[in-house]
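The chain contents come next:
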Amino acid sequence: MLIRHRGAGPIVHESAYVAPNATLVGRVVVGPRARIMYGAVLDAEGSSVEVGESCVVAEHAVLRASAIGDEERPVRLADHVFVAPHATVLGCTVERCCYLAANVTVLHGARLGPGASIAVGALVHARTVVPDGFFVPPHTLAAGDPARVITPDQRDEAAAAVRDADFAAAAFGVSAEWEDRVRRYEAAAEARSAEFAAHLDDEPSTPDMSGLSGGGVGGHS
């Protein structure tokens, strides 16, 4: 399903494949030979989503951009990126030849260097920079610039890393004390509710094939 959102519709290269029950919303650009598989959701919101050449976005993965945080957060997948089933990729940059395994989450403002590998169930937190070729082990947290890996048993370190990432500001434009979770989560829900209100004006779209006759997407070729 292709949806026109905030006045823009998806652009899909003629050699790409978009599964019939995948959903592309707004300023989404799908490059040559990319494959968007069953149940995937690519949602540009107030920003944009770019998928480079020969990328695979597998079943039920979610790519969502945003423009309501402390700065605009597009999603950029460079060429030959693999996003496995049930991965969640939010407002971040993924450079070429990265591998994101099943159930991975990458949060707003993160950057994955070329060849980075994020293993099953791992979380790359907001504003984290994963170096080129870096491996994030299964079910761990990567945080910081450069990224350091925190294991599930390191609860105090994980809490400190999440606090220091200031996720609420990066994702929602919300500033609230770390300890005041009720206030922070209330403000986050209000911010996202206001952003999603723009979907009230959505309408069906047809794929725009213009401007994608060859090469990669967004300078990633």
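For the structure itself, consult the block above.
Described below are features of the structure shown in this document. (Residues numbered from 1 in each chain as written. Predicted model: local features only at pLDDT ≥ 70, side-chain atom pairs only at ≥ 80, totals over all residues. Heavy atoms only, no water.)

## As for the nonpolar core
Of all hydrophobic cores here, the largest spans 43 residues; its most connected members are Leu 42, Val 51, Leu 63, Leu 77, Leu 100 and Leu 112. Listed by contribution, the elements that provide at least two residues to this core are strand 5 (28-30), strand 8 (49-51) and strand 11 (75-77). By size, the runner-up hydrophobic cluster in this structure holds 7 residues, among which are Ala 171, Phe 172, Ala 188 and Ala 191. (Core = buried A, V, L, I, M, F, W, Y, C linked by side-chain atoms within 4.5 Å. Buried < 20%, exposed > 50% of the residue type's maximum accessible area, 1.4 Å probe, protein only. Helix = DSSP H or I, 4+ residues; strand = E, 2+ residues; numbered from the N terminus.)

## Things to note about the sheet that holds strand 1 (residues 2-4)
In spatial order, the strands read 23-22-19-16-13-10-7-4-1-24; together these 10 strands make up an open sheet with mixed pairing. The open sheet has two edge strands with one neighbour each: strand 23 (148-150) and strand 24 (203-204). In this structure, strand 1 lies alongside strand 4 (residues 23-25), joined through 2 bridges in parallel fashion. Counterpart to Ile 3 in the pairing with strand 4 is Val 25. (Pairing = 2+ DSSP bridges.)

## Examining unusual backbone geometry
The residue after Asp 145, namely Pro 146, is reached through a cis peptide bond having omega 0°. The topology assignment puts Pro 146 in the loop between strand 22 (141-143) and strand 23. The backbone of Arg 33 sits at a positive phi, close to 60°, despite the residue not being glycine. Here Arg 33 shows up in the loop between strand 5 and strand 6 (35-36). Even without a glycine there, the phi angle at Ser 54 is positive, about 60°. Note on placement: Ser 54 falls in the loop between strand 8 and strand 9 (56-57). Judged by its relative accessible area of 16%, Ser 54 falls in the buried class.

## A look at the environment of Val 81
Position of Val 81 relative to the elements: it lies in the loop between strand 11 and strand 12 (82-83). The spatial distance from the C-alpha of Val 81 to the C-alpha of His 60 is 16 Å, given a sequence separation of 21 residues. Not counting the four nearest positions on each side in its chain, Val 81 is found in contact with Ser 54, Cys 55, Val 56, Val 94, Glu 95, Arg 96, Cys 97 and Cys 98. (Contact = heavy atoms within 4.5 Å.)

## Thoughts on the pattern of salt bridges
Once their charged atoms are close, side chains differing in charge can pair, the charge on each being opposite to the other. In this structure the tally under the stated criterion is 10 salt bridges. Note that Arg 163 is salt-bridged to Asp 164, the shortest N-O span being 3.3 Å. Of the charged contacts in the structure, one is a salt bridge between Arg 192 and Glu 195, with a shortest N-O distance of 2.5 Å. Here Arg 192 and its partner Glu 195 are both found in helix 3 (residues 181-196), 3 residues apart, which amounts to about one turn of the helix. The same class applies to Arg 192 as to Glu 195, namely buried. Through salt bridges with shared partners, one network takes in Asp 70, Glu 71, Arg 73 and Arg 127. (Salt bridge = Lys/Arg side-chain N within 4 Å of Asp/Glu carboxyl O.)

## What about the packing of aromatic side chains?
If you walk through the whole model with that rule in mind, you get 2 aromatic pairs. Plain terms: the ring middles of Phe 82 and Tyr 99 are 5.3 Å apart, the flat faces sit at 10° to each other, and that makes the pair stacked. Taken together, the residues span a long stretch of sequence, with Phe 82 in strand 12 and Tyr 99 in strand 15 (residues 99-100) at a distance of 17 residues. Of the residues examined, Phe 82 reaches a relative accessible area of 30% and is grouped as partly exposed. Judged by its relative accessible area of 40%, Tyr 99 falls in the partly exposed class. Plain terms: the ring middles of Phe 167 and Phe 172 are 5.6 Å apart, the flat faces sit at 90° to each other, and that makes the pair edge-to-face. A relative accessible area of 23% means that Phe 167 is categorised as partly exposed. (Phe/Tyr/Trp six-rings, centres within 6.5 Å; stacked < 30°, edge-to-face > 60°.)

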